[in-house]
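# Tertiary structure, described
So the chains spell out like this:
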Amino acid sequence: MRLKARNRPNAVIPTASMADIVFLLIIFFILTFNLEVDKARVTLPKSVLRFEVPKKAAVISITEVGQMRVSDGESASTVVGGPEDVLSFATGVIAGNPEKEFVLKADNGVAYRNVDRVIDMLKQARVPVVYLLSDQEAVEGGGG
Amino acid sequence: MKFSRRGVSDEIPTSSMADITFLLIIFFMVTSTFAATRGLDFALPKDDKDPPIVEKEDSVLISIRPGGTLEVDGRPMQLSGVHEYLKRHLENNPVKPVIIRPEPTAAYGDMVRVYDTLRQLRLVDRKLVMRDDVPSLSDEQWEAARNINVSIPTQREIDQFWY
């Protein structure tokens, strides 16, 4: 009499497809990679209209307590003392590239006085356009 | 006499590839960010030495008070009522400027909310409409429609040039 061979479960975890998954993840991260030049944590205001900010635009951030940071879009942001420093920074950037776009990353709750002075400095530095960074506002229930 | 044959392996060693790829993934996960890269564009005047003089009666003035309340030409108003108000004033005079004037202690987010609302309005056949009001219009026609003339003067400009 012939005994039937016992069906033993395979003890090996199949990992052949892992490389494919991992490479897909890498491709995803490479495509969406966007080095954060400014690490200031702010709660952005919400808006319905939002346009893509040009890559490597200079960034000016204002936190809720009014702390300002500037970055030329290439290197990490540095803390500046106040709006006068923003003027000298923006003048230097515009001297190198008169068409350079600026991004204003200001906290939703910061007093407008701080933003007003920064915008004034950017106007004096002849900055052509400023993007007011925002989060998406849901269209339903918007306004009010 | 014994000859030992040293066979050459015909497989590419890939065992370390998983380590390398996982390290790359961790690098990209840590350094990449999905932070907002979109916002409202705000064109600044080319030259602020000689700004156009705007008379009080030739413009619509939207003041933003602390707490987010609005006053339009001196009258308290909800943001939802601004569209109707502007319809009455801009459909006869499309070039009439709308001036946003937030108080120094008002929140920046309230200014963005008002500016965003005004930017959504366009003049189509002398009617002040939002995109949803004219679904028959193509995107090209909508883009070509005239925006309203919004300006946000800074405090220095107000001190220097305000009437």
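### Quick word on the overall build of chain A
- A tally of helices and strands in chain A yields 3 helices and 8 strands.
- The C-alpha radius of gyration of chain A comes to 25 Å, more than 25% above the 15 Å expected for a compact globule of 144 residues.
- In terms of principal-axis extent, the alpha carbons of chain A reach across some 100 × 40 × 25 Å.
- The buried share of chain A, taken over its 144 residues, is 42%.
- Partitioning the intrachain contacts of chain A with sequence separation of at least 6 by distance along the chain shows that 67% fall at a separation of at least 24.
- Accessible area of chain A: about 8600 Å², with a carbon and sulfur share of 57%.
- Taking the average location of the 17 positive side-chain charges in chain A and that of its 17 negative ones, the two points are 15 Å from each other.

### Here's the deal with the sheet that holds strand 2 (residues 60-64) of chain B
All names here are of chain B.
- The strand order across the open sheet formed by 5 strands is 4-3-2-5-9, and the pairing between neighbours is mixed. Across the chains shown, the open sheet's two edge strands, defined by having one partner strand only, are strand 4 (75-77) and strand 9 (150-151).
- Bridge count between strand 5 (residues 98-102) and strand 9: 2 bridges; the pairing is parallel. Bridge pairing links Val98 to Val150 in strand 9.

### Things to note about the nonpolar core
- Grouped together as the largest cluster of nonpolar side chains are 54 residues, with contacts concentrated most on A:Phe102, A:Leu104, A:Leu122, B:Leu86, B:Leu118 and B:Ile148.
- Ignoring anything within four residues of it in the chain, the contact list for B:Leu118 reads B:Ile62, B:Val82, B:Leu86, B:Val98, B:Ile100, B:Ile148 and B:Val150.

### Focus: the side chain of B:Ser63
- Considering the arrangement of structural elements, one finds B:Ser63 in strand 2.
- Look at B:Ser63 and you get buried, because its relative accessible area is 11%.

### Details of the interface of chain B and chain A
- Counting residues at the interface gives 51 residues for chain B and 52 residues for chain A.
- It is B:Arg38, B:Leu44 and B:Tyr108 that lose the most area in chain B upon contact with chain A, and together they represent 18% of the buried surface on that side.
- At the junction of chain B and chain A, the tally comes to 3 salt bridges.
- For B:Glu157, the salt bridge identified is with A:Lys123, shortest N-O distance 2.9 Å.
- In this assembly, chain B and chain A are joined by 20 residue pairs in polar contact (both at pLDDT 80 or more).
- Elements represented by at least two residues in the side of chain B that touches chain A include exactly helix 1 (17-31), strand 1 (38-43), helix 2 (79-90), helix 3 (108-119) and helix 5 (155-161) of chain B.
- It is helix 1 of chain B that provides the largest number of residues to the side of chain B that touches chain A, a total of 9 residues.
- Its residues assigned to classes, the side of chain B that touches chain A shows 26 nonpolar, 13 polar and 12 charged.
- One ladder, built from 5 bridges, connects strand 7 (residues 129-133) of chain A with strand 1 of chain B; its direction is antiparallel. When the bridges of strand 1 of chain B are listed, A:Leu132 appears paired with B:Leu40.

Rules used in this analysis
- Residues numbered from 1 in each chain as written.
- Chains lettered and ligands numbered in written order.
- Predicted model: local features only at pLDDT ≥ 70, side-chain atom pairs only at ≥ 80, totals over all residues.
- Heavy atoms only, no water.
- Helix = DSSP H or I, 4+ residues; strand = E, 2+ residues; numbered from the N terminus.
- Rg over C-alpha atoms; globule rule 2.2 N^0.38 Å.
- Buried < 20%, exposed > 50% of the residue type's maximum accessible area, 1.4 Å probe, protein only.
- Contact = heavy atoms within 4.5 Å.
- Areas by Shrake-Rupley, 256 points an atom, 1.4 Å probe, with all protein chains shown as cover.
- Lys, Arg positive; Asp, Glu negative; His and termini not counted.
- Charge placed at Lys NZ, Arg CZ, Asp CG, Glu CD.
- Pairing = 2+ DSSP bridges.
- Core = buried A, V, L, I, M, F, W, Y, C linked by side-chain atoms within 4.5 Å.
- Buried area = accessible area lost by both parts, 1.4 Å probe.
- Salt bridge = Lys/Arg side-chain N within 4 Å of Asp/Glu carboxyl O.
- Polar contact = N/O pair within 3.5 Å; in protein donor to acceptor, adjacent residues only side chain to side chain.
- Nonpolar A, V, L, I, M, F, W, Y, C, P; charged D, E, K, R; others polar.

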